[in-house]
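# Remarks on the overall topology
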Amino acid sequence: MSDPYREGLDRLSRIRGVRGALIVDGAAGVPVIADVSPDVPVPALAALAASLYRRTERSARDAGLGQVRALQLVAEHGHILMAQGKDVMVVALAEPTAQLGLVRLEVRKLAEAVR
Amino acid sequence: MARDPGSASFVALAEAYRRQGRREEALQICLRGLEKRPTDVAGHALLARLYLEAGDRVRACDEWAIVLSLDPDNFEAHRGMGFYQIEQRNLEAALEHLRRAEAQRPGDRAVREGLSLVRARLAKRREHVGQRAPQRAAEEAPQRSAQRAPARPGIDPARLFEPLREETPFLGALIVDAQGLVLAGGIEGGEWANGEALGAIVSSVVEDAVRATSHTTLGAWRGMLVETEQAAVHLAPLRDDLMVVLVAMPGAPPGWILRAAARAAALASAFVEARS
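In this report, we go over the structure that sits alongside the text. (Residues numbered from 1 in each chain as written. Chains lettered and ligands numbered in written order. Predicted model: local features only at pLDDT ≥ 70, side-chain atom pairs only at ≥ 80, totals over all residues. Heavy atoms only, no water.)

## Some thoughts on the interface of chain B and chain A
Chain B puts 32 residues into the contact, and the matching count from chain A is 35 residues. Of the roughly 3000 Å² buried where chain B meets chain A, counting both sides, 63% is carbon and sulfur surface. Linking chain B with chain A are three salt bridges, by the criterion used here. Between Glu76(A) and Arg222(B) there is a salt bridge; the shortest N-O distance is 3.7 Å. Where chain B touches chain A, the interface holds 13 residue pairs in polar contact (both at pLDDT 80 or more). Every element with two or more residues in the side of chain B that touches chain A is listed here: helix 9 (195-214), strand 3 (221-228) and helix 10 (254-275) of chain B. The element that contributes the greatest number of residues to the side of chain B that touches chain A is helix 9 of chain B, accounting for 11 residues. Residues of the side of chain B that touches chain A, tallied by class, amount to 18 nonpolar, nine polar and five charged. Alignment of strand 3 (residues 68-75) of chain A against strand 3 of chain B, held across seven bridges, turns out to be antiparallel. When the bridges of strand 3 of chain B are listed, Val68(A) appears paired with Thr228(B). (Contact = heavy atoms within 4.5 Å. Buried area = accessible area lost by both parts, 1.4 Å probe. Salt bridge = Lys/Arg side-chain N within 4 Å of Asp/Glu carboxyl O. Polar contact = N/O pair within 3.5 Å; in protein donor to acceptor, adjacent residues only side chain to side chain. Helix = DSSP H or I, 4+ residues; strand = E, 2+ residues; numbered from the N terminus. Nonpolar A, V, L, I, M, F, W, Y, C, P; charged D, E, K, R; others polar. Pairing = 2+ DSSP bridges.)

Listed below in structure tokens is the structure:
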């Protein structure tokens, strides 16, 4: 039987410049599945990403900006892209030279697809 | 340079391409370099020249405005803005820019001819309206008619980001302090469009953004793009706990947002430095 989470992460990880990706239970802030390098502390990253997304959603709603569709952190050596689906959120780590347009698309597609 | 587009040598490389007639490559190098080094005066000046040579005077003017915000006495930017303002028939603004260019390089023939032209047109205009005030007083009058005054130190903080206003997706930009209070800039939009509300977003999410980034191997946090139903909001750290917030229409291209954010950061840096 196929695993939609694993398939989705595999698709993301195949994009040039993607360093890793994880699917996070958005409400609990815990990782569901991850494919990142061993030096990334997955539980901490999952918790902080979920917390950041929830806080941003709350602030955006309070400010009258409506629902958050996607969130992208820009760092010195890359990007963190996030999108929230119905129950889970998808987080991808990408290098500065990654195909960011494609990564954004896949992150959003995966967030909408997985339940 | 190919490995590090933020390298200080990007201007020299772009200039070399420009001289070879490879303008598109020069433009791309400049744009990428300025993403990494948004306060590089020579980079903005070269980008202005590339836009000018491509016939895009509006974008060239935007870049000169940024140059002047970083380097208020820049000769090339004053000369370029002076001729642009002549085209726009903003003669008082043209006069001011060309006089400042002349002060930097008194012998420049183009500037001298531009000044003669502007003075002749101003004299004709005064004659036409029967104005008797001495020419000198008129020349020193405030530039109220200037539609695109450069964002140099001393400008009204609410107009700091004027150079970005002509870009369609741009709704506004702000400098916000750690308490979410707006120091400069403004937003145009719907009912949500007020600095206080956006300040709330900034102050409440930045700490989490910094912490989330610190748990990866991607280095220090440099900014955040939030795409919502009503707008796309980009936040970036400035200095001294200040943030630059750029707001664009929902669905604005992310690449455009990141470039516009870099330009907003350059304007904001110059503004803050002028006051520190």
